[in-house]
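Spelled out from the first residue to the last, the chains are:
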Amino acid sequence: MNNLVIMKNKQAVTSSLQVAETFGKNHRDVLRAITNLQKDVRNFAQMFVEASVPDSYGRDRKAFYMNRDGFTLLAMGFNGDK
């Protein structure tokens, strides 16, 4: 979990891609969980920011950056040892 947090615009955040890798989940499942939170969480925009990041082929794909509160909210919905 050492690479989970990155600095972006002088704020400690993590990405949906990093969360998927760290927790051993498919990125599409992490995106689905974030989208579900968007429907239920009133201050979603303060915790999550949508972004486009290049994949290994250079194509843009959807991802989210999240702050500590967003990560905590997302991770609490995961099951498993990690």
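So, how was this worked out
- Residues numbered from 1 in each chain as written.
- Predicted model: local features only at pLDDT ≥ 70, side-chain atom pairs only at ≥ 80, totals over all residues.
- Heavy atoms only, no water.
- Helix = DSSP H or I, 4+ residues; strand = E, 2+ residues; numbered from the N terminus.
- Buried < 20%, exposed > 50% of the residue type's maximum accessible area, 1.4 Å probe, protein only.
- Areas by Shrake-Rupley, 256 points an atom, 1.4 Å probe, with all protein chains shown as cover.
- Lys, Arg positive; Asp, Glu negative; His and termini not counted.
- Charge placed at Lys NZ, Arg CZ, Asp CG, Glu CD.
- Core = buried A, V, L, I, M, F, W, Y, C linked by side-chain atoms within 4.5 Å.
- Contact = heavy atoms within 4.5 Å.
- Salt bridge = Lys/Arg side-chain N within 4 Å of Asp/Glu carboxyl O.
- Polar contact = N/O pair within 3.5 Å; in protein donor to acceptor, adjacent residues only side chain to side chain.
- Pairing = 2+ DSSP bridges.
- Axes fitted to C-alpha atoms, helices over the stretch in contact; angles between N-to-C directions.

1. Examining the overall build of the chain
Link 1 in the chain: Within the chain one finds 4 helices and 4 strands.
Link 2 in the chain: If you list the helices and strands of the chain from N to C, you get β-β-α-α-α-β-β-α.
Link 3 in the chain: Expressed as a percentage of its 82 residues, the buried residues of the chain come to 39%.
Link 4 in the chain: Taken as a whole, the chain presents about 6000 Å² of accessible surface, with 45% of it coming from carbon and sulfur.
Link 5 in the chain: Looking at the chain, you have 12 positive and 8 negative side-chain charges, and the mean spots of the two groups are 2 Å apart.

2. Observations concerning the nonpolar core
If you look at soluble globular proteins, the nonpolar side chains tend to sit buried side by side.
Link 1 in the chain: In this structure, V19, V30, I34, F44, F48, M66 and L74 are the most contacted members of the largest nonpolar core, which totals 17 residues.
Link 2 in the chain: The element contributing the most residues to this core is helix α2 (residues 27-40), with 4 residues.
Link 3 in the chain: If we skip the residues at most four places from it in the chain, L74 touches V19, V30, A33, I34, L37 and M66.
Link 4 in the chain: Of all hydrophobic cores here, the second largest spans 5 residues; its members include V13, V53, A63 and Y65.

3. Observations regarding the pattern of salt bridges
Any two side chains of opposite charge can pair, given that their charged atoms come close.
Link 1 in the chain: Under the criterion given, the structure shown has 2 salt bridges.
Link 2 in the chain: In this structure, D29 engages R32 in a salt bridge whose closest nitrogen and oxygen atoms are separated by 3.1 Å. Linking D29 with R32, this pair stays in helix α2, spanning 3 residues, or about one helical turn.
Link 3 in the chain: Note on D29: relative accessible area 30%, which makes it partly exposed.

4. Considerations on the environment of A20
Link 1 in the chain: Topologically, A20 is positioned in helix α1 (residues 16-23).
Link 2 in the chain: Given a relative accessible area of 5%, A20 falls into the buried group.
Link 3 in the chain: With 46 residues separating them along the chain, A20 and M66 place their C-alpha atoms 13 Å apart.

5. A word on the side chain of D55
Link 1 in the chain: Tracing the sequence through the fold places D55 in the loop between β3 (48-54) and β4 (60-66).
Link 2 in the chain: Here D55 falls in the buried class, since its relative accessible area comes to 18%.
Link 3 in the chain: Here Y57 takes part through its backbone nitrogen, which lies 2.9 Å from a polar atom of the side chain of D55.

6. Considerations on the sheet that holds β4
Link 1 in the chain: Here we have 4 strands laid out as an open sheet, ordered β1-β2-β4-β3, and antiparallel in their pairing. Two strands close off the open sheet at either side, each with one partner strand: β1 (6-8) and β3. Geometrically, the sheet is characterised by an average inter-axis angle of 50 degrees between neighbouring strands, direction not taken into account.
Link 2 in the chain: Of the strand pairs in this sheet, strand β2 (residues 11-15) and β4 are connected by 2 bridges, and their pairing is antiparallel. Bridge pairing in β4 places S15 opposite Y65.
Link 3 in the chain: Sitting on the sheet, α1 is in contact with β2, β3 and β4, with an inclination near 60 degrees to β2.
Link 4 in the chain: Relative to β4, helix α4 (residues 68-75) is tilted by about 105 degrees, and along the sheet it contacts β2, β3 and β4.

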